[in-house]
Amino acid sequence: MNMDAKTCVITGGTAGIGLATSTALAGQGAEVVLLGRNRERGEQALARIAATTGNDRGSMVQVDLADLDSVRNAAHEILDAHPRIDVLVNNAGIMLPERQLTDDGVEKMFATNYLSHFLLTNLLLERLIASAPARIPSVGALIPRAVVDLDDLAMEGRKYTPFTALGISKLAVVMFTRELARRLDGTGVTANALYPGVARTSIMADQSWLSRTAMRLISGSPEKAARTSILLASDPSLDGVSGRMFSGGKETSMRGDQVNDPQQWRRLWDKSVQLTGLEPSTGGRP
C-alpha cells in the first residue's frame with residue numbers, strides 16, 4: 001500500500017511500539033493520528049515524529065481507553081477531522097497488578113486492551129469502508145491456557161493475575177479480529193491480528209520490580225516489535241489478506257478452541273455490543 005496521503009489512526013501512538021509504528025508510517029508519507037491519554041506526551045511525540053521524518057502532518061486525539069464515553073468522544077473527533085481513514089492500528093494495552101473495574105463495571109484490562117478497540121473500530125468502520133482499500137491491524141496474543149469466559153468477563157469467579165487478565169484481553173482481540181474479517185468480506189477492508197513480541201515499553205510499569213527486571217532481560221526494542229504492525233499497515237504484498245495472525249513479520253498459526261470457533265467469535269461480538277451499548281446497525285455486518 002502506498003502510504004502517501006493515507007490517514008493512519010494508531011491507539012497508544014504516543015509511546016513504545018505505537019510511537020515506533022507511527023514514526024515509520026509517517027516516514028512513508030502517511031498522516032498519523034495518535035491516540036493517547038496524555039496531551040503533553042502526544043505533542044512531544046508529534047514533534048519527535050516531525051523531526052525524525054520531516055512529516056509534520058500528524059495530530060493527536062486525547063482518549064482514556066478505560067472510559068467508553070471517552071472512546072466515543074475520540075471517535076467523533078476523528079470523524080469530524082478526517083474525511084478518510086485508511087488504516088486503524090489497534091495497538092494500545094495495559095497490564096495491571098490488581099483487579100480493577102472501570103466506571104462501566106468492566107474489568108479494566110479487558111476494557112482497555114479489547115473492549116475500547118471493539119467500540120472504536122465499529123464507530124470508525126463506515127469511514128474505513130468508504131476509504132477502501134483499508135486495513136485494521138490489531139495487537140493480540142494467544143497465551144497458553146487463556147479462556148474468554150463470556151459469563152464472567154469481570155473475573156469475579158476466577159483468581160486474578162496480571163498474566164491471566166492479559167491473556168483473556170488479548171485472546172479477545174484475536175477472536176474479534178476473526179469475526180471482524182468475516183463481516184468485512186467483500187468491503188475492501190481487511191482485519192488481521194498480530195503479536196509484536198516482548199518489547200521494552202511502559203506496559204510493565206505497574207508490576208513488581210522483579211517482574212519488570214525479568215521482562216527487561218528478555219525484551220527487544222519497540223522499533224523491532226513494531227515491524228509486524230508496520231508490515232500489516234503498509235506492505236502491498238498483504239493486499240486483500242484478512243482474518244490471519246502474524247508474528248515476527250510473517251503469518252503464524254492460530255491454535256486454540258475459541259480462536260477457531262466462529263460461534264465463539266459471534267458470542268463475543270454480541271456480548272461486546274451489549275457492553276458498549278453499540279447500536280446493532282453500527283455493529284458491523286451480520
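Every value quoted in this text rests on a predicted model; they were computed, and no experiment measured them.

Engineer: Just to check I follow, could you spell out the pairing of strand β1 (residues 7-11) for this structure?
Structural biologist: Consecutive residues of a regular strand have side chains that alternate between opposite faces of the sheet. Most of β1 sits inside the fold, with 5 of its 5 residues counted as buried. Burial along β1 is two-sided: the face carrying Thr7, Val9 and Thr11 and the face carrying Cys8 and Ile10 are both buried. Examined bridge by bridge, β1 and strand β2 (residues 31-36) share 5 bridges and lie parallel to one another. Bridge assignment links threonine 7 to a residue of β2, and that residue is glutamate 31. For the segment spanning β1, helix α1 (residues 16-27) and β2, crossover handedness is right-handed. Two strands pair when backbone bridges link them, and β1 and strand β4 (residues 87-89) are joined in this way by 3 bridges, in the parallel orientation. Bridged to cysteine 8 within β4 is valine 87.

Engineer: Just to check I follow, could you spell out the pattern of salt bridges for this structure?
Structural biologist: Opposite charge on two side chains permits them to pair, given that their charged atoms come into close proximity. All chains considered together, the criterion is met by 7 salt bridges. One salt bridge in this structure joins aspartate 239 and arginine 135, with 2.5 Å as the shortest N-O distance. Of this pair, aspartate 239 sits in the loop between α8 (227-234) and β7 (245-247) while arginine 135 sits in strand β5 (residues 134-139), and the two are 104 residues apart along the sequence. For aspartate 239, a relative accessible area of 52% gives the class exposed. In this structure arginine 135 comes out as buried when scored by relative accessible area, which is 3%. For glutamate 179, the salt bridge goes to arginine 183, with nearest N and O atoms at 2.8 Å. Of this pair, glutamate 179 and arginine 183 are both found in helix α5 (residues 162-183), 4 residues apart, which corresponds to roughly one turn of the helix. Each member of the pair glutamate 179 and arginine 183 is classed as buried.

Engineer: Whenever I open this one, the packing of helix α4 (residues 108-130) against helix α9 (residues 262-276) confuses me. Can you help?
Structural biologist: Describing two packed helices takes the angle between their axes plus the distance from one axis to the other. One way to put it is that α4 packs onto α9 with a least axis distance of 10 Å and a crossing angle of 90°. Between α4 and α9, the interaxial angle falls into the category roughly perpendicular. On α9, the residues that touch Phe110, Tyr114, Leu115, Phe118, Leu119 and Asn122 of α4 are Leu268, Trp269, Ser272, Val273, Leu275 and Thr276. Residues belonging to the contact of α4 with α9 are distributed by class as follows: 9 nonpolar, 3 polar and no charged.

Engineer: Is there a simple way to think about α4 in this case?
Structural biologist: Every α-helical turn comprises 3.6 residues, leaving residues that sit three or four positions apart pointing alike. Between its first and last C-alpha atoms α4 spans 32 Å; for 23 residues at 1.5 Å apiece the expected length is 33 Å, and the two agree. For α4, a buried count of 18 out of 23 residues is recorded, marking the element as mostly surrounded by other parts of the structure. N-cap assignment for α4: the residue whose side-chain oxygen lies 3.0 Å from the backbone N of methionine 109 is glutamate 107.

Definitions and limits used
Residues numbered from 1 in each chain as written. Predicted model: local features only at pLDDT ≥ 70, side-chain atom pairs only at ≥ 80, totals over all residues. Heavy atoms only, no water. Buried < 20%, exposed > 50% of the residue type's maximum accessible area, 1.4 Å probe, protein only. Helix = DSSP H or I, 4+ residues; strand = E, 2+ residues; numbered from the N terminus. Pairing = 2+ DSSP bridges. Right-handed = clockwise from strand over helix to strand, strands pointing away. Salt bridge = Lys/Arg side-chain N within 4 Å of Asp/Glu carboxyl O. Axes fitted to C-alpha atoms, helices over the stretch in contact; angles between N-to-C directions. Parallel < 35°, antiparallel > 145°, perpendicular 65-115°, else oblique. Contact = heavy atoms within 4.5 Å. Nonpolar A, V, L, I, M, F, W, Y, C, P; charged D, E, K, R; others polar. Expected span 1.5 Å × (residues − 1). Polar contact = N/O pair within 3.5 Å; in protein donor to acceptor, adjacent residues only side chain to side chain.

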